[in-house]
Amino acid sequence: MRVTVVGAGYVGLVTSACFADVGNDVLCIDTDSQKIERLNRSEIPIREPGLETMVTRNCAAGRLRFSMSYDEAVTHASLIFIVVGTPSSEDGSADLSGVLSCARALGQKIARDTLVVVKSTVPVGTNDRVLAALQKELQQRSANIKVSTASNPEFLKEGAAVDDFMRPDRIIVGVNDAASAETLRALYIPFNRNRERLLVMDVRSAEFTKYVANAMLALRISFMNEMANMADRLGVDIEEVRYGIGADPRIGPHFLYAGIGFGGSCFPKDLRALVRLADDIAEPALLLRSSLKVNERQRGILFEKIKTFFGGNMQDKTIALWGLAFKANTDDMREAPSLTLIHLLTQSGARVRAYDPAAIDNARQIFKTTHGIEFAASAREACHGADVLAVITEWLEFRSPDFEWLAATLKNKALFDGRNLYDPAFVRTCGLRYFGVGRGRSS
């Protein structure tokens, strides 16, 4: 099939590459000239395992091209995906200006019957607005063209997006007519062979499904973080509790990891948008609001533990930081817990020596005016001259460090485990004091 994707951001690029990889002829357009120039040189602007190889392979095969032209976009295909960002507005609502701008631009150019699919994360009712914008432009041109819209939200995890797209748990499709459903069913056949993954529903339900899924996952994380804070005061190890409740099939083991809060481009933004949507319909949404409050508090938990360790005096202390990205296998620092910790540490007079396998370039830009932070070329280099170590991101290379070396290197021989990666008892036998999140009475 011939497919046009509008938006060469994180989701748009993954979507384009994966559609092309199963044989579709894909044109991906974006208004960012520098991004398109880089992509046409096979330079990938984001870090995502497997994506660069896939993009390069499909560009070489002629199945994937990049452009800035809306004329080319509508000429290329009658199946067009809108995959642009919907960042938070000041009031927490999703900023739909990019989505609606795309709809207007397409409406000005479309010259044949077309299905426009919204893959961006958008609040309930957005497809109605997209269809209205398309039809308004067509009417102004007196164009006798049928245009339909559909919702096809994405469920991609950063760091595993390519695999998630190629082997989806489910494919949600929200449509207004049977023809749109059949078009999307045909498109997704290569991803749907060994069992039925395609779930067809009405458009508004599909839009809401995306938000509800992210809210549920965020709620599980916030719940475990609140339990972890209780566990610290009760002398309980939250990791043992996690195993115990995760064995219950009604609960399951996923998204039960306590830590220093969730970040990234999805959970915080989508929860805020859902709360704003609740405000619009006079729904209190108490759980959603509580999850955001718990997460905000959790971002400061590790700082409080470090501050307490030093008796409240952080002046001239050097803290080694392992991890800057909001999660492993990405360079994404949007709303990363590290941002809060670094701000609190530097404001309190401490110095930070940070290392991340992927996110240092982004961090340099974010902290270019921040005093008291420097970046190391390796995990070990970050620890030289440091008083203590704080582990922020669960990168694989941090999973099994040489604890005895750390004990010999860190001046105050203490490890603050923001992701509960380590066995406290073993760490202590290696000569380090251990402080986790909800690991009982750490010492």
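Higher on the page you've got the structure.
Residues numbered from 1 in each chain as written. Predicted model: local features only at pLDDT ≥ 70, side-chain atom pairs only at ≥ 80, totals over all residues. Heavy atoms only, no water.

Across all of its chains, the model carries 16 aromatic pairs by this definition. Taking the centre distance of 5.6 Å and the plane angle of 75 degrees together, the rings of Phe309 and Phe435 count as edge-to-face. You can see Phe309 sitting in helix H13 (residues 301-309) and its partner Phe435 sitting in strand E14 (residues 433-435), a full 126 residues away along the chain. Looking at Phe435, the relative accessible area reads 11%, which means it is buried. Taken together, the aromatic side chains of Phe19, Phe81, Phe165, Tyr188 and Phe191 make up a single cluster linked through ring pairs. In this structure, Arg170 packs its charged tip against the face of Phe155, placed 3.8 Å from the ring centre. Directly above the aromatic system of Phe155 lies the positively charged group of Lys210, at a separation of 5.4 Å from the ring centroid. (Phe/Tyr/Trp six-rings, centres within 6.5 Å; stacked < 30°, edge-to-face > 60°. Helix = DSSP H or I, 4+ residues; strand = E, 2+ residues; numbered from the N terminus. Buried < 20%, exposed > 50% of the residue type's maximum accessible area, 1.4 Å probe, protein only. Lys NZ or Arg CZ within 6 Å of the ring centre and 35° of its normal.)

Another point: empty space enclosed by the protein. For the structure on display, the rule yields two cavities of 30 Å³ or more. Of the voids in this model, the largest cavity is the one considered here, and its volume is about 190 Å³. Taken together, 16 residues make up the lining of the largest cavity; nearest its centre are Phe155, Leu156, Asp164, Pro168 and Arg170. Secondary-structure elements contributing two or more residues to the lining of the largest cavity are helix H7 (161-166) and strand E7 (171-175). (1 Å grid on protein atoms, 1.4 Å probe; cavity = no way out; pocket = protein on both sides within 12 Å on 5 of 7 lines; lining within 4 Å. Points joined across faces, edges and corners; volume = space filled by probe spheres on them.)

So, on to the packing of helix H5 (residues 97-109) against helix H6 (residues 126-140). Orientation of H5 relative to H6, taken along the N-to-C sense of each, is 30 degrees, at an axis distance of 8 Å. By the angle between their directions, the pair H5 and H6 is classed as roughly parallel. With respect to the hand of their crossing, H5 and H6 are arranged in right-handed fashion. Facing H5, whose interface residues are Val99, Leu100, Ala103, Arg104, Leu106, Gly107 and Gln108, H6 presents Thr126, Arg129, Val130, Ala133, Leu134, Glu137 and Leu138. (Axes fitted to C-alpha atoms, helices over the stretch in contact; angles between N-to-C directions. Parallel < 35°, antiparallel > 145°, perpendicular 65-115°, else oblique. Left-handed = near helix turned anticlockwise from the far one by under 90°. Contact = heavy atoms within 4.5 Å.)

Next up on the list: the side chain of Lys269. Note on placement: Lys269 falls in helix H11 (residues 267-280). Excluding residues that lie within four positions of it along the chain, Lys269 makes contacts with Thr86, Pro87, Ser88, Gly92 and Thr121.

With that settled, consider the layout of surface pockets. The volume enclosed by the second largest pocket comes to roughly 300 Å³. Around the second largest pocket, the lining comprises 12 residues; the ones closest to its centre are Asp232, Ile301, Glu304, Lys305 and Thr308. Every element with two or more residues in the lining of the second largest pocket is listed here: helix H9 (203-234) and H13. A total of five residues in the lining of the second largest pocket trace back to one element, the largest contributor, which is H13.

A few words now on the pairing of strand E13 (residues 414-417). Here E13 shows no split at all, with Ala414 and Phe416 on one side and Leu415 and Asp417 on the other all buried. Alignment of strand E12 (residues 388-391) against E13, held across three bridges, turns out to be parallel. Each bridged residue has a counterpart across the sheet, and for Ala390 the counterpart in E13 is Phe416. Once the chain exits E12 it traverses helix H17 (residues 403-409) before rejoining the sheet at E13, and the crossover so formed is right-handed. (Pairing = 2+ DSSP bridges. Right-handed = clockwise from strand over helix to strand, strands pointing away.)

So, on to the pattern of salt bridges. When the charged atoms of two side chains lie near each other, side chains of opposite charge can form a pair. Across all of its chains, the model carries 29 salt bridges by this definition. Note that Asp332 and Arg334 form a salt bridge whose closest N and O atoms lie 2.7 Å from each other. For Arg334, a relative accessible area of 44% gives the class partly exposed. For the salt bridge of Arg353 with Glu374, the shortest nitrogen-to-oxygen distance reads 3.3 Å. (Salt bridge = Lys/Arg side-chain N within 4 Å of Asp/Glu carboxyl O.)

All of the buried residues in helix H14 (residues 337-347) are Pro337, Ser338, Leu341, Ile342, Leu345 and Thr346. All buried residues of H14 fall inside an arc of 145 degrees around its axis, so they share one side. Buried positions along H14 lie against H13, strand E9 (318-322), strand E10 (351-355) and strand E11 (373-375). At the C-terminal side of H14, Gly349 shows a positive phi close to 100 degrees. (Arc of directions from axis to C-beta.)

A separate point is H5. Helix length check: H5, at 13 residues, gives a terminal C-alpha distance of 19 Å against a target of 18 Å (1.5 Å per residue), a fit within 8%. Taken as a whole, H5 has its buried residues at Val99, Leu100, Cys102, Ala103, Ala105, Leu106 and Gly107. Next to the buried residues of H5 lie strand E1 (2-6), helix H4 (70-76), strand E4 (79-82), strand E5 (114-118) and H6. (Expected span 1.5 Å × (residues − 1).)

Judged by side-chain polarity, Met230, Leu234, Val236 and Val241 come together as a nonpolar surface patch covering roughly 320 Å² of accessible area. Structurally, Met230 can be placed in helix H9. (Patch = residues over 30% accessible without salt bridge, like charges linked within 9 Å, V, L, I, M, F, W, Y side chains within 5 Å. Areas by Shrake-Rupley, 256 points an atom, 1.4 Å probe, with all protein chains shown as cover.)

Another aspect to go through is the packing of H9 against H11. It is the contact of H9 with H11, at a shortest axis distance of 9 Å, that shows an interaxial angle of 115 degrees. Classified by the interaxial angle, the pair formed by H9 and H11 is roughly perpendicular. The crossing of H9 and H11 is left-handed. For the pair formed by H9 and H11, the contact residues are Phe208, Lys210, Tyr211, Asn214, Ala215, Leu217, Ala218 and Ile221 on the first element and Phe267, Asp270, Leu271, Ala273 and Leu274 on the second.

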